[in-house]
Amino acid sequence: MNLKSKERRLQGSPVSEGIAIGAPYFLAPLEERIPEFPIAVTEVDTEISRYRKALFSSKEDLRRLRHDLAIEGSSEAASFIDTHIQMLDDPMITVQMEERIRHMLRNTESVFRSTIREYETRFSERSDSFFEERLVDVRDVSERILGHLCADQKPALGMAPRGCILFAKELAPSHTAAALPTQIFAFVTEQGGGNSHCALIARAKGIPFVAGIDVAELQPDQAAVVIVDGLEGVVILNPTEETLAHYKERRDQLITRYQVYEKENPLKAETLDEFPIRLMANVGNPVELDLFPYAQEGIGLFRTEYFFLQGQRVFPSEEQQVRVYSSLIEKVGDNKPIIMRVFDLGGDKHPAFFPKLKEPNPALGSRGIRFLLKTPEIFYIQLRALFKAAKQADVRLLLPLISDLGELLQVKKLIEKVKKELRAEGMEVRDLPIGCMIEVPSAVMICEALAQEGDFLSIGTNDLVQYTLGVDRSNPAMSELFYPAHPSVLRMIKMICQVGNRLNKPVTICGEMASNPLFTPLLLGLGLTTFSCAPRYLPLIKQTIRKWTIVEAYKLAEDALRLNDPHAITELLLFKQRNG
Amino acid sequence: MKLSQKVKVKNILGLHARPATAIARLLQKTRSQVFFTYRGETVNARSIMSILMLAAGKNASIVITVDGEDATQTMQSLVEGFEQAFGEAAHES
């Protein structure tokens, strides 16, 4: 039987739901995407110091890895790492590479690649396949060095054909951010869990996404047609006519479901007993508003960073930022709130224009507001741009990853300075409301102080769940422990809502939880009246809200709060959910 | 001083990554220039990648050349290392 045409079913982990059918497109591994260009003699020193930096970072990586493995007790693996560390001191890698850069006068990546390729060729010429296996270490080390050399030039997806299924070992948030749903029908990767930033963007855009598939093992010519089922986490290569027909039908049914929801768009978001709920949209790019005209009640979260993470290699100037913010404001209008979250960078969201930080634990490192306060030159320009763009619009500023009152006070001081400066330049400047993201447990515990000092609060459930449960949201192996409706999280949300009510400061919820109709009645019952989620989910959430009375929702929340077992809470919610 | 001596590879898997790492590490403490010659090819023994390139299997005969002030000790520790298969299993094939 011809293997090429045989149906093959691969099970991965579901990341973003939806069904896609298309031709596979493989994003080449890093090694094959290396740019090659000549350099001037005057650039040699810069190239060499860039190379040394890459070696240094590679060594840091390996030391950290060795440390982690030693803790796990994997001494066998740790000895490999010793070899790799030692290889970074290999004269071939150090002295000879630098000599080559000087002589060849080409960019480091291409010199490095040709050096390694030459080595591989020579190696293959003289040894049998038994020895060939030893190239693995060399390849691994060189891939690591190249990764550091090319850290800031992950490729754009512009080359991908329309309607393709994109296969890649790993995606950077900038990849998913740049993808258009009409161009890329689905993502299939080896790495990347259900709650990573890439996953969030894929879901926001409605692009199906399956992770945990051994992409390297697949051959680009293995399949002409691929089906991706993002709900089940299934990837099917070369489907039979029968399978194809089945999935086409399911795909079309899904589309019809959304069309039904769209019909409800003119209806109000209110409960059965006419309690009004404000539904706002999470937006990562002003263009999204053209795709989904649902943002009737404003923007609950504009992720200012995503726009700039789309492959831009220089820091966006004040003028450029003003243009972007203004275009968003223009689309939404002056009379609806627009919550602009200032750059949420660091962690797995790394800006191309900024030298990569080396942190042993980025999730607990310089991200969100910490990153901005450490790089005030970036923050300063953004604040100026935001105040300039705001004009008469209802713009509100949101600060990510606040964990301490001092951070809010520092930002307020900086804002005063910016306003003063703009006034000195002859601009009319209004006060803009300022709020804190509540996404770490410390912020929950001091939310009263944060609400008093600020103007509103916004609950970011993804990080709040991650930090409360101590579960890495991007780790597929941990996804079963990632319970958004964990008793601890529900109690926190309740506490935040109570504080907000008492101090009369609005509380919004803008995490993934807000986009899942399973949680909608529970969140209503916990006291939330403003939801913000990806525009495509808004009709679904509205439909759910319209099936509940506020009293029933309170009752549901009360019942859920009595439970200590997250499974029992999920069961209760499933039992109570009102579909169709 | 310049010394030269023939040694036999005892490691089952030949001079693969682990002994090559041990050699590079051992030589870090020395100052002499050290070369391995096998099948007419001479390489810098401080370079793991070059040692791997020799593709020297078990029982391969390697000529060690050491040139420098601490040649004697360097040669001695290398010969010992080969003798003990750099701490690896060296059973008969």
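Residues numbered from 1 in each chain as written. Chains lettered and ligands numbered in written order. Predicted model: local features only at pLDDT ≥ 70, side-chain atom pairs only at ≥ 80, totals over all residues.

Caption draft 1: Seen up close, the overall build of chain A. Within chain A one finds 23 helices and 16 strands. Looking at chain A as a whole, 43% of its 580 residues qualify as buried. Within chain A, residue pairs in contact and separated by at least 24 positions form 70% of the contacts whose partners lie at least 6 positions apart. (Helix = DSSP H or I, 4+ residues; strand = E, 2+ residues; numbered from the N terminus. Buried ≥ 20, exposed ≤ 12 C-beta atoms within 10 Å, placed from the backbone. Contact = placed C-beta atoms within 7 Å.)

Caption draft 2: Structural context of the overall build of chain B. In terms of regular secondary structure, chain B is built from three helices and four strands. Counted from the first residue to the last, chain B has its helices and strands arranged as β-α-β-β-α-β-α. Taking all 93 residues of chain B together, 41% fall into the buried category.

Caption draft 3: Fine view of helix α18 (residues 461–469) of chain A. Residues and elements named next belong to chain A. Most of α18 is tucked away: seven of the nine residues are buried. Among all positions of α18, only T461, N462, D463, L464, V465, Q466 and Y467 are buried. Structurally, α18 contributes buried residues whose contacts are with β13 (434–438), α16 (441–445), β14 (456–459), α19 (487–503) and β15 (507–509).

Caption draft 4: Representation of the sheet that holds strand β8 (residues 234–237) of chain A in the model. All names here are of chain A. Spatial ordering of the open sheet is given by β1-β8-β7-β3-β4-β5-β6-β2, a layout of eight strands whose pairing is mixed. Two strands close off the open sheet at either side, each with one partner strand: β1 (8–11) and β2 (13–16). Taken pair by pair, the neighbouring strands of this sheet meet at an average axis angle of 30°, ignoring direction. (Pairing = 2+ DSSP bridges. Axes fitted to C-alpha atoms, helices over the stretch in contact; angles between N-to-C directions.)

Caption draft 5: Representation of the pairing of strand β5 (residues 184–189) of chain A in the model. Residue and element names in this part refer to chain A. With six of six residues buried, β5 is to be regarded as a mostly interior element. Summarising the sheet, strand β4 (residues 164–168) and β5 pair through five bridges and their orientation is parallel. Across the sheet, residue I165 finds its bridge partner in β5, namely A186. Taken together, the two bridges between β5 and strand β6 (residues 209–211) define a ladder with parallel strand orientation. Across the sheet, the residue bridging to F187 is F209, located in β6.

Caption draft 6: Broad picture of the packing of helix α1 (residues 17–28) of chain B against helix α3 (residues 71–83) of chain B. Residues and elements named next belong to chain B. Relative orientation of the contacting elements α1 and α3 amounts to 160°, with a least axis distance of 11 Å. As summarised for this structure, α1 and α3 are arranged roughly antiparallel, according to the angle between their axes. As α1 runs across α3, the sense of the crossing is right-handed. Contacts between α1 and α3 involve A22, I23 and L26 from the former and S77, L78 and G81 from the latter. (Parallel < 35°, antiparallel > 145°, perpendicular 65-115°, else oblique. Left-handed = near helix turned anticlockwise from the far one by under 90°.)

Caption draft 7: Structural detail: helix α21 (residues 538–545) of chain A. Counting buried residues along α21 of chain A, six of its eight residues qualify, which places the element largely inside the surrounding structure. When α21 of chain A is considered as a whole, its buried residues turn out to be L538, P539, I541, K542, T544 and I545 of chain A.

Caption draft 8: Structural detail: the interface of chain B and chain A. The interface of chain B with chain A comprises 15 residues on the first partner and 17 residues on the second. Going through the elements one at a time, α1 and α2 (48–54) of chain B are the ones with two or more residues in the side of chain B that touches chain A.

Caption draft 9: Quick look at the nonpolar core. In terms of nonpolar packing, the biggest core is built from 86 residues, with I338, M340, L386, I438, C447, L457 and I496 of chain A touching the most fellow members. Discounting residues that sit within four places of it in the chain, L386 of chain A has contacts with Y325, M340, V395 and L397 of chain A. Judged by nonpolar contacts, the second largest core, of 42 residues, contains I101, F112 and I116 of chain A together with L52 of chain B. (Core = buried A, V, L, I, M, F, W, Y, C linked by C-beta atoms within 7 Å.)

Caption draft 10: How the structure looks around the confidence of the model for chain B. Looking at chain B, the pLDDT average stands at 89 and 95% of residues meet or exceed 70. Complex prediction metrics read pTM 0.56 and ipTM 0.90. (pLDDT = per-residue confidence, 0-100.)

Caption draft 11: Geometry of unusual backbone geometry. The phi torsion at K391 of chain A lies on the positive side, around 45°, for a residue other than glycine. As for its position among the elements, K391 of chain A is in the loop between α14 (376–390) and β12 (395–399). Within the chain, R39 of chain B stands out as a residue other than glycine whose phi angle is a positive 50°. Along the polypeptide, R39 of chain B turns up in the loop between β2 (33–38) and β3 (41–44).

Caption draft 12: The arrangement of the sheet that holds strand β1 (residues 2–8) of chain B in detail. Residue and element names in this part refer to chain B. Ordered by their spatial adjacency, four strands build an open sheet running β1-β4-β2-β3, and the pairing between neighbours is antiparallel. Only two strands of the sheet have a single neighbouring strand rather than two, namely β1 and β3. Adjacent strand axes in the sheet meet at a mean angle of 25°, parallel and antiparallel pairs treated alike. Strand direction decides the pairing type here: β2 and β3, joined by four bridges, are antiparallel. Note that in β3 the partner of F36 across the bridge is V43.

Caption draft 13: View of the packing of helix α3 (residues 95–104) of chain A against helix α4 (residues 108–126) of chain A. Residues and elements named next belong to chain A. The interhelical angle for the contact between α3 and α4, taken along N-to-C directions, is 120°, at an axis separation of 10 Å. Relative to α4, the element α3 lies oblique. The interaxial crossing formed by α3 with α4 has right-handed handedness. Contacts between α3 and α4 involve M97, R100, I101 and M104 on the former and, on the latter, T108, V111, F112 and T115. Of the residues that constitute the contact of α3 with α4, the class distribution is five nonpolar, two polar and one charged. (Nonpolar A, V, L, I, M, F, W, Y, C, P; charged D, E, K, R; others polar.)

Caption draft 14: Inspection of the pairing of β4 of chain A at higher detail. All names here are of chain A. Counting buried positions over the five residues of β4 gives five, a clear majority of the element. Residues of β4 alternate between two faces, with C164, L166 and A168 on one and I165 and F167 on the opposite face, all of them buried. Bridge count for strand β3 (residues 19–26) against β4 is four bridges, and the pairing is parallel. Along β4, the bridge assignment pairs Y25 with L166.

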